[in-house]
Amino acid sequence: MTKAVKKQALGRGLSALLKDPENDIKSVEDKNADKVVGNIIELDIESIEINPFQPRTNFNEETLQELAKSIKELGVIQPITVRKLEFNKYQLISGERRLRASKLIGLKTVPAYIRLANDNESLVMALVENIQRHDLDPIEVAISYQRLIEEINLTQEELSERVGKKRSTITNYLRLLKLDPIIQTGMRDGFISMGHGRALINIDNHDVQSDIYHKVVTQNLSVRETEALVKNYQDSLKPKTAKPAKGNSFDVKEEEKKAFSNYFGTKVDVKVAGNGKGKITIPFHSEEDFNRILKLINS
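Fair warning: this is a prediction, and the values are worked out from it, not measured in the lab.

S.K.: Looking at this structure, how should I read the overall build of the chain?
M.R.: A count of helices and strands for the chain gives 14 helices and seven strands. Looking at the chain as a whole, 37% of its 299 residues qualify as buried. Contacts in the chain between residues at least 24 apart in sequence constitute 65% of all its contacts with a sequence separation of at least 6. Total accessible area on the chain stands at roughly 18,900 Å², and carbon and sulfur atoms take up 51% of it.

Encoded structure:
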């Protein structure tokens, strides 16, 4: 208990330091910067603005109330992270749920880690910290990755290194943004999982996507069942191979072929098709041979 009080007092002492215009810290080289940057300090909530790069856009009211109740009983266990903008002005990097919950119960201050960062660094930090510490929905994560790629001009490989995720993982998230907007909303609202979305993205036609999505939601289908529906649809698009015609095919034995050859006095070729139809070829070598065969046929 003594440690907690001492730590809180220290945070408030540093907070007073930050409110002194003569100690306005703008870079890590400034006097007292080592006492502030990276330390936990009690900041006035009113001096903190929301980060425009914040990936999370949806906040469940019920879980927010639960967090507010927890903070009221136990305090803010995990400090938020902010970056210093100007004198006594800060911008949130991560911890918006904690900040919102603190406001709900009327707190005037909140413990915060202070960092000095430019906008690009702030965007990266906001993304990384939120993905690692919070349950962002898959679409929010995908949008965050897309913003990093577009606004900071990162390749997927560079993004992979910056956020500590496999490139394939980033690719899978980004592909979700190709889903029909209705399906993206359904994923954000928790009606389907990322697994469902990854199955549906294999269908290019948005109308078909929506039809299968409706079945998934109304019938509460699993990811495996969704994958089966998608596969059935894809199989239906493949050209059907012509099936061999059914017939009464049969085999002509060698002794039967030999009997033809012996009768006509020449090698007779007998062929039978799959439908039971066929042909007999009787070769001749001269007019005299032709007349001989004809005489046999007419006899």
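S.K.: I'm lost on the pattern of salt bridges in this one. Help?
M.R.: Charged atoms that come close allow side chains of opposite charge to pair. Under the definition given, this model contains six salt bridges. The shortest N-O distance in the salt bridge between Glu140 and Arg188 comes to 3.6 Å. Pair noted here: Glu140 is in helix H6 (residues 138-151) and Arg188 is in helix H9 (residues 181-188), with a separation of 48 residues, a long-range link. The closest approach of N and O atoms between Lys231 and Asp235, which form a salt bridge, is 3.0 Å. A residue pair is termed a helical-turn pair when its members lie 3 or 4 positions apart in one helix, as Lys231 and Asp235 do in helix H12 (residues 223-237) at four residues. Residue classification places Asp235 among the partly exposed residues on the basis of a relative accessible area of 29%. In this structure, a network of salt bridges that share partners links the residues Asp137, Glu140 and Arg188.

S.K.: Which parts of the structure should I look at to understand the sheet that holds strand S4 (residues 89-94)?
M.R.: Picture the strands of a sheet paired through backbone hydrogen bonds; they go either parallel or antiparallel. The sheet built from five strands is open, its strands ordered S1-S5-S3-S4-S2 with mixed pairing. What marks the edges here is a single partner per strand, and that holds for strand S1 (40-44) and strand S2 (48-49). With five bridges connecting them, S1 and strand S5 (residues 109-115) associate as antiparallel partners. Pairing of Asp44 across the sheet is with Thr109, part of S5. Lying over the sheet, helix H4 (residues 96-104) contacts S2, strand S3 (80-86), S4 and S5, oriented at roughly 120 degrees with respect to S4.

About the criteria used
Residues numbered from 1 in each chain as written. Predicted model: local features only at pLDDT ≥ 70, side-chain atom pairs only at ≥ 80, totals over all residues. Heavy atoms only, no water. Helix = DSSP H or I, 4+ residues; strand = E, 2+ residues; numbered from the N terminus. Buried < 20%, exposed > 50% of the residue type's maximum accessible area, 1.4 Å probe, protein only. Contact = heavy atoms within 4.5 Å. Areas by Shrake-Rupley, 256 points an atom, 1.4 Å probe, with all protein chains shown as cover. Salt bridge = Lys/Arg side-chain N within 4 Å of Asp/Glu carboxyl O. Pairing = 2+ DSSP bridges. Axes fitted to C-alpha atoms, helices over the stretch in contact; angles between N-to-C directions.

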